[in-house]
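Structural overview for review
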Amino acid sequence: VPEDGVIERKSDESDVGSGWKICWAIRPPSPPPTPRSPPPPPLPPLSPGFDVAAASEDKLRSLITEAAANISIYLPPGAHFKLFSQISCTSTIKVTVASSGEGSTLDGQGETRLFYL
């Protein structure tokens, strides 16, 4: 589009079709590629007394639902996990979920009964 914003159609009468066809003298530059998100920071060292660490809601969910024996799960300080549906464990095992330092948040988003243990 010209700087003044006005587009004029001029023809040498050789085109008989209707409508407009915009031909660029030079193609506009492509936008730069979207930078990749940096990888998540590594989990802090596992606190004594814990079996595994969970860095995401998906990992927490899979650790609990797939547990076959007692399990202690460590959540990194400052983590905020939004729970979208119930997490179930049908085994007769002990499940411990804890954090350290400033603690972590398990956000039920106003819902109740998000754990079935």
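Attention here is on the structure that accompanies the text. Each chain has its residues counted from 1, following the order in which its sequence is written. Note on the predicted model: pLDDT of at least 70 is required for a residue's local features to be given, and 80 or more for side-chain atom pairs to be given and counted; whole-chain, interface and lining totals, by contrast, use all residues. Water and hydrogen atoms were dropped before computing side-chain values, which therefore reflect all heavy atoms in the structure.

**Some details on the nonpolar core**
Throughout this description, the term nonpolar core refers to a set of buried Ala, Val, Leu, Ile, Met, Phe, Trp, Tyr and Cys residues connected via side-chain atoms within 4.5 Å. Exposed residues in this analysis have more than 50% of their type's maximum accessible area, buried residues have under 20%, and partly exposed residues fall in between, with area computed by a 1.4 Å probe over protein chains only. Formed by 14 residues in total, the largest nonpolar core has its most connected members in Ala54, Leu60, Ile64, Ile73 and Leu75. Helix numbering and strand numbering both begin at the N terminus, where a helix is a DSSP run of H or I of at least 4 residues and a strand a DSSP run of E of at least 2. Within the residue set of this core, elements represented by two or more residues are α1 (57-65) and β2 (71-74). The greatest single-element share of this core, amounting to three residues, is contributed by α1. Beyond its immediate sequence surroundings of up to four residues, Ala54 is in contact with Lys59, Leu60, Leu63, Ile73, Tyr74, Leu75, Pro76 and Phe81. Throughout, a residue-residue contact means that at least one pair of heavy atoms, one from each residue, lies within 4.5 Å.

**A short note on the sheet that holds strand β1 (residues 52-53)**
Paired strands, as defined in this entry, are two strands with at least two bridges between them according to DSSP. Pairing in this open sheet of three strands is parallel, and the strands run β1-β2-β5 from one edge to the other. Strands at the two margins of the open sheet, each flanked by one partner only, are β1 and β5 (95-98). In this structure, β2 lies alongside β5, joined through four bridges in parallel fashion. Looking across to β5, one finds that Ser72 is bridged to Thr96. Together, β1, β2 and β5 form the strand contacts of α1, whose direction differs from that of β2 by roughly 175°. What counts as an axis is a line fitted to C-alpha atoms, over the stretch in contact for a helix, and the angles between N-to-C directions run from 0 to 180 degrees.

**Side note on the pattern of salt bridges**
Here a salt bridge means any side-chain nitrogen of Lys or Arg lying within 4 Å of a carboxyl oxygen belonging to Asp or Glu. Across all of its chains, the model carries one salt bridge by this definition. Ionic pairing is found between Arg61 and Glu57, a salt bridge with its closest N-O pair at 2.6 Å. Placement of the pair is Arg61 and Glu57 together in helix α1, with a separation of four residues, close to one helical turn. Taken individually, Arg61 and Glu57 each receive the classification buried, so the pair is uniform in this respect.

**Remarks on α1**
Of the residues making up α1, those classed as buried are Glu57, Leu60, Arg61, Leu63 and Ile64. Across the axial projection of α1, the buried residues extend over an arc of 165°, all falling on one side. Picture the helix axis, draw a direction to every C-beta atom, and the arc is the one those directions span.

**Notes on unusual backbone geometry**
Even without being a glycine, Gln109 presents a positive backbone phi close to 50°. Structurally, Gln109 can be placed in the loop between β6 (105-107) and β7 (115-116). The phi dihedral of Arg113 is positive, around 60°, even though this residue is not glycine. When its relative accessible area of 73% is taken as the criterion, Arg113 is described as exposed.

**Points about a nonpolar patch on the surface**
What goes into a patch is any residue over 30% in relative accessible area without a salt bridge, connected to like charges within 9 Å or, for nonpolar side chains (Val, Leu, Ile, Met, Phe, Trp, Tyr), within 5 Å. For the accessible areas, the method is Shrake-Rupley and the probe is 1.4 Å, while residue cover comes only from the protein chains on display. The grouping of Val97, Leu106, Phe115 and Leu117 at the surface amounts to a nonpolar patch, some 320 Å² of accessible area in total. As for its placement among the helices and strands, Leu117 is situated in the segment after β7.

**Let's talk about the environment of Ala68**
Mapped onto the elements, Ala68 comes out in the loop between α1 and β2. Sequence separation between Ala68 and Ile93 is 25 residues, and the spatial gap between their C-alpha atoms is 7.4 Å.

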